[in-house]
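# Coordinate inspection notes
If you want the building blocks of each chain, they are given just below.
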Amino acid sequence: MDILFGELLKLFAEEVLLFLVCLFCIIVGAKRSLTAFLQEEKNRNEDVQVMTVSANMAVAAPIVGSISLLIFFFYFSLLQFIMSSSMIAVSTIALVFSIQPLCGFLPPRRVDVPCVGLVSVASVAAVALAVTVVSTWVLTNNWILLNVVDVAIVIWMLCYIRLSNLNVATLLLGGLLIYDIFWVFYSEKLFKKNVMVTVAEKQASNPVASVAIQAGFQLPHLDLPGKFIVVGILSGNISLLGLGDVVLPGLMLCFVKRFDHLRSSTKNATAETCSYFSVGLLGYSVGLYSSFLSSVLFHVAQPALLYLVPFSLLPIILLAISRREFNDIWHGQISMKALTPFTV
């Protein structure tokens, strides 16, 4: 029995860690997204840089994704320097955004930074820590630091990309589910290789490698942000999960988190303990577990959205139908005017 338990632990240790990281990203991202939304409601006259996904954008997403995937598949060697440099910049910005709220304990004073001006101590600390993490990742290609960067990017995207209703969420997730299934299961028949897996496993040239060579040492190639990587301590296996498998369902869960708040503000829903967010998060957890289980049992790459989309979307739809609120959540029609004051 102990031997069997040990073997199971080796098989699922990486998946358990990935599972916890994904849930952490969605829970924190949804909370940050709601907080940002409520702050925008209080300051409606201020310009806020948020991208709201339209129905047309949702329909076009699989096409744009397929074109981008093929470009990376055929021309990765030509684009790798640009990609790695761009991802370093994006990673730093996302880390600053994610770390800054954690620096709230620092003194609320400002310091004069050359060429920038007066900046809060919290902002300076967040930038310094972000630059340190990203620099160490670039120099070492450490998978733990890569995952830290990935977590920051996911939280950042969940806060600044919005779905306005369940209709758009269904179009986006449904289209990308077909995209995921095709490129994982059928691309090898057309291109002699699994396009999705090949692109996911590629490493990019290090953008500071030439400087390092002049200094007398070599730097490793980089696993770029865009996937979570977990190396098993017990088994030595490597588990991968694309950020899209967290961001895409996460965007829908962020929407229902905001919908839950608006609903509780406009209706007498305080007696109900089952929120759309909790139901969707539970479904996402079951779907994520199912995708990991299938990957371990069949020893082949699985399109995670095949499990995540139905398990996370259908419970929300069924709950909305049972409450006779399907039209509300499908069109996102709860009135903003009825929003009550709320402090986070």
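See above for the structure.
First, a word on scope: everything that follows refers to the structure included in this document. (Residues numbered from 1 in each chain as written. Predicted model: local features only at pLDDT ≥ 70, side-chain atom pairs only at ≥ 80, totals over all residues. Heavy atoms only, no water.)

### Here's the deal with the nonpolar core
Basically, it comes down to this: Grouping buried Ala, Val, Leu, Ile, Met, Phe, Trp, Tyr and Cys residues that are joined through side-chain atoms within 4.5 Å yields what is termed a nonpolar core. Whether a residue is buried, partly exposed or exposed follows from its accessible area with a 1.4 Å probe, protein chains only, as a fraction of its type maximum: under 20%, in between, or over 50%, in that order. The numbering of helices and of strands both runs from the N terminus, where a helix is a DSSP run of H or I of at least 4 residues and a strand a run of E of at least 2. In what follows, residue pairs with any heavy atoms lying within 4.5 Å of each other are defined as contacts.
Of all hydrophobic cores here, the largest spans 87 residues; its most connected members are Leu 163, Leu 166, Val 246, Tyr 284 and Ile 329. Sort the elements by how many residues they give to this core and helix H2 (residues 55–99) lands first, with twelve residues. Val 246 has contacts with Cys 22, Cys 25, Ile 26, Val 154, Phe 228, Leu 241 and Tyr 284, leaving out every residue within four places of it along the chain.

### Description of the packing of H2 against helix H3 (residues 121–140)
Our working definition: Angles here are taken between N-to-C directions and fall from 0 to 180 degrees, while the axes themselves are lines fitted to C-alpha atoms, restricted in helices to the stretch in contact. Here is the rule for angles: anything less than 35 degrees is roughly parallel, anything more than 145 is roughly antiparallel, 65 through 115 is roughly perpendicular, and the remaining ranges are oblique. Crossing chirality is assigned from the near helix's rotation relative to the far helix, an anticlockwise turn below a right angle marking it left-handed and a clockwise turn marking it right-handed. Polar here means any residue other than Ala, Val, Leu, Ile, Met, Phe, Trp, Tyr, Cys and Pro, which are nonpolar, and Asp, Glu, Lys and Arg, which are charged; Gly is therefore polar.
Between H2 and H3, the least distance of the axes is 8 Å, while the angle of their chain directions is 140°. What the angle tells us is that H2 and H3 run oblique. The hand of the H2/H3 crossing is right-handed. Taken together, the residues of H3 that come into contact with H2 (itself represented by Ile 88, Ser 91, Thr 92, Leu 95, Val 96 and Ile 99) are Ala 126, Val 127, Leu 129, Ala 130, Val 131, Val 133, Val 134, Trp 137 and Val 138. Looking at the contact of H2 with H3 residue by residue, the classes come out as 13 nonpolar, two polar and no charged.

### Observations concerning H2
In an α-helix, one turn spans 3.6 residues, which is why side chains three or four residues apart end up on the same side. The line we're drawing: Helix span, expected: 1.5 Å multiplied by one less than the number of residues in the helix. Bend at a given residue is defined as the angle between two axes, one fitted to the seven residues that end at that position and one fitted to the seven that begin there.
Its 45 residues place the ends of H2 only 32 Å apart at the C-alpha level, less than the 66 Å of an ideal helix rising 1.5 Å per residue. Maximum bend of H2: about 100°, positioned at Phe 76.

### Some words on the packing of aromatic side chains
Note the cut-off: Centre distance within 6.5 Å is the pairing criterion for rings of Phe, Tyr and Trp, where only the six-membered ring of Trp is used; planes under 30 degrees apart are then read as stacked, over 60 as edge-to-face, and the remainder as tilted. Lysine and arginine charges are scored as sitting over a ring when NZ or CZ, respectively, is within 6 Å of the ring centre and within 35 degrees of the ring normal.
Taken as a whole, this structure holds eleven aromatic pairs when the rule is applied. A ring pair is formed by Phe 73 and Phe 74, whose centres lie 5.0 Å apart and whose planes are at 80°; its orientation type is edge-to-face. Between Phe 73 and Phe 191, the ring centres sit 6.1 Å apart and the planes meet at 65°, which makes this aromatic pair edge-to-face. Taken as a pair, Phe 73 in helix H2 and Phe 191 in helix H5 (residues 166–191) lie far apart in primary sequence, 118 residues in all. Members of the aromatic cluster, each reached through a chain of ring pairs, are Phe 73, Phe 74, Tyr 75, Phe 182, Trp 183 and Phe 191. For Lys 257, the ring lying beneath its charged end belongs to Phe 277, and the centroid distance is 4.8 Å. One Lys or Arg, Arg 323, reaches over the ring of Tyr 276 and ends 5.2 Å from the middle of that ring.

In short, geometric facts, not functional conclusions.
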